[in-house]
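# Residue-level structural notes
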Amino acid sequence: MRRSLNTYSTMRYVKCVSSENDLEISSDEVWDFGMRLYSNIRVKSGKSLIIQCKVLMPAAAKIIIEPGGKLIIDGGMLTNACDSAWQGIEVWGNSSAHQYPDANGN
């Protein structure tokens, strides 16, 4: 249902509203089809989201990257939906800790 509502062919029939329920990325995912979202995206720790398409974000939404999570934009694009700016990307972690990968890539 969610995929159907998010695809370009059907999204024009859905109002531009935001959901309070986050879309959780709890396994590694690759998005390669254009979509419009209706909520925050939360990339869980240790998981990755690769975006290779155009993703339209609602005004009240943001992308949250939990510690150890990864967001990779591989030829994709994140942009606003409904002519409203969205809230951007939050990368969670310890701001006073070293921010470069260690020898193991962590």
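See the structure printed just above.
Now for a description of the structure that goes with this document.

Turning our attention to the sheet that holds strand β1 (residues 23–25). By definition, the strands of a sheet pair up through backbone hydrogen bonds, in either a parallel or an antiparallel sense. Spatial strand order, β1-β4-β7-β10: four strands in an open sheet with parallel pairing. Across the chains shown, the open sheet's two edge strands, defined by having one partner strand only, are β1 and β10 (89–91). In this sheet, adjacent strand axes meet at a mean angle of 15° when their direction is disregarded.

Moving on, we get to the layout of surface pockets. Quantified by volume, the largest pocket comes out at close to 530 Å³. Pro67, Gly68, Gly69, Val91 and Gln99 are, among the 20 residues lining the largest pocket, the residues nearest its centre.

Pairing analysis gives three bridges linking strand β2 (residues 29–31) to strand β5 (residues 48–51), with the strands arranged parallel. When the bridges of β5 are listed, Trp31 appears paired with Ile51. Looking at chain direction, β5 and strand β8 (residues 70–73) are connected through four bridges and run parallel. Looking at the pairing, Ile50 lines up with Ile72 of β8.

Looking at where Ser39 falls in the secondary structure, it is placed in the loop between β3 (35–36) and β4 (41–43). A polar contact is formed between the side chain of Ser39 and the backbone oxygen of Asn21, at a distance of 3.2 Å.

Moving on, we come to the sheet that holds strand β6 (residues 54–57). If you walk across this open sheet you meet the three strands as β3-β6-β9, and the pairing is parallel. Only two strands of the sheet have a single neighbouring strand rather than two, namely β3 and β9 (77–80). As defined by bridge partners, β6 adjoins β9 across four bridges and the pair is classed as parallel. Note on β9: the bridge partner recorded for Val55 is Leu78.

Conventions used here
- Residues numbered from 1 in each chain as written.
- Predicted model: local features only at pLDDT ≥ 70, side-chain atom pairs only at ≥ 80, totals over all residues.
- Heavy atoms only, no water.
- Pairing = 2+ DSSP bridges.
- Helix = DSSP H or I, 4+ residues; strand = E, 2+ residues; numbered from the N terminus.
- Axes fitted to C-alpha atoms, helices over the stretch in contact; angles between N-to-C directions.
- 1 Å grid on protein atoms, 1.4 Å probe; cavity = no way out; pocket = protein on both sides within 12 Å on 5 of 7 lines; lining within 4 Å.
- Points joined across faces, edges and corners; volume = space filled by probe spheres on them.
- Polar contact = N/O pair within 3.5 Å; in protein donor to acceptor, adjacent residues only side chain to side chain.

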